[in-house]
Amino acid sequence: DARVTQTPRHKVTEMGQEVTMRCQPILGHNTVFWYRQTMMQGLELLAYFRNRAPLDDSGMPKDRFSAEMPDATLATLKIQPSEPRDSAVYFCASGPSRGREGYTFGSGTRLTVV
Amino acid sequence: GESVGLHLPTLSVQEGDNSIINCAYSNSASDYFIWYKQESGKGPQFIIDIRSNMDKRQGQRVTVLLNKTVKHLSLQIAATQPGDSAVYFCAEKAAGNKLTFGGGTRVLVKP
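Our subject in this report is the structure included herewith. Only a predicted model underlies this, so the values are computations on that prediction, with no experimental measurement involved.

**Some points on the sheet that holds strand 3 (residues 19-24) of chain A**
Residues and elements named next belong to chain A. On the basis of which strands lie adjacent, the open sheet formed by 4 strands has the order 1-3-8-7 and antiparallel pairing. Two strands in the sheet have a free side with no partner beyond their single neighbour: strand 1 (5-7) and strand 7 (65-71). Taking the axes of each pair of neighbouring strands and ignoring which way they run, one obtains an average angle of 20° across the sheet. In the sheet, strand 7 pairs with strand 8 (residues 74-79) via 5 bridges, with the strands oriented antiparallel. Of the residues in strand 8, the one forming a bridge with serine 66 is lysine 78.

Have a look at this one:
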């Protein structure tokens, strides 16, 4: 089965450090999403891309978060500097722009900032 | 699991009974809706979808109902099984492919 691959699965880092999370979308999918999941806020959309161009990153704290797609096979989400409140599970999802639109999620990166 | 936690509404269902999970959505311009299932330690998994020009769609053991008048979505699971225990999310999509999730409902299947 085609799947979205996220690395690392778990990350523990100290406050102030840079964190980079990576996502490999399903081959052929041209829409990529980053979500953050916490107990208090549920699933929040941080940013999404179509054909590698950012369409909406209004859900992302701009001062410390950045999202990019260096190429069609890689999406990155960076936090610099990280803070304890960034602790959450970060999910990447991808989907086609046409046809079946049920986006496929990766297994997530569990980030803990201490 | 690391995903959702202690504050979700919970539906307890006896194995073999039918489950109904409800969702109120917010955007009257949303034209596409999806139900996802999330098991502990995993990402949300697509279950079934429905477009706004429909009011019912059936899959294998699942049915989604859409009432646009009151902006309400429901997921019915027939003959609930232990493997159906998970958190269920509805999601709505308006123009631009932006997918917004509801808060989730935890389903616990009792043997």
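**Some points on the state of the cysteines**
Within this structure, the stated rule accounts for 2 disulfides over all chains. Between cysteine 23 of chain A and cysteine 92 of chain A runs a disulfide, and the two sulfur atoms are separated by 1.9 Å. Disulfide cysteine 23 of chain A-cysteine 92 of chain A: torsion about the S-S bond near -60°, hence left-handed. Of this pair, cysteine 23 of chain A sits in strand 3 while cysteine 92 of chain A sits in strand 9 (residues 88-95), placing them 69 residues apart in sequence. The burial state of cysteine 23 of chain A is the same as that of cysteine 92 of chain A; both residues are buried. Across the disulfide, cysteine 23 of chain B is cross-linked to cysteine 90 of chain B (sulfur-sulfur distance 1.6 Å). Placement of cysteine 23 of chain B in strand 2 (residues 19-24) and of cysteine 90 of chain B in strand 8 (residues 86-93) is noted, with a sequence separation of 67 residues between them. When sorted by exposure, cysteine 23 of chain B lands in the same class as cysteine 90 of chain B, which is buried.

Conventions adopted
Residues numbered from 1 in each chain as written. Chains lettered and ligands numbered in written order. Predicted model: local features only at pLDDT ≥ 70, side-chain atom pairs only at ≥ 80, totals over all residues. Heavy atoms only, no water. Pairing = 2+ DSSP bridges. Helix = DSSP H or I, 4+ residues; strand = E, 2+ residues; numbered from the N terminus. Axes fitted to C-alpha atoms, helices over the stretch in contact; angles between N-to-C directions. Disulfide = S-S within 2.5 Å. Buried < 20%, exposed > 50% of the residue type's maximum accessible area, 1.4 Å probe, protein only.

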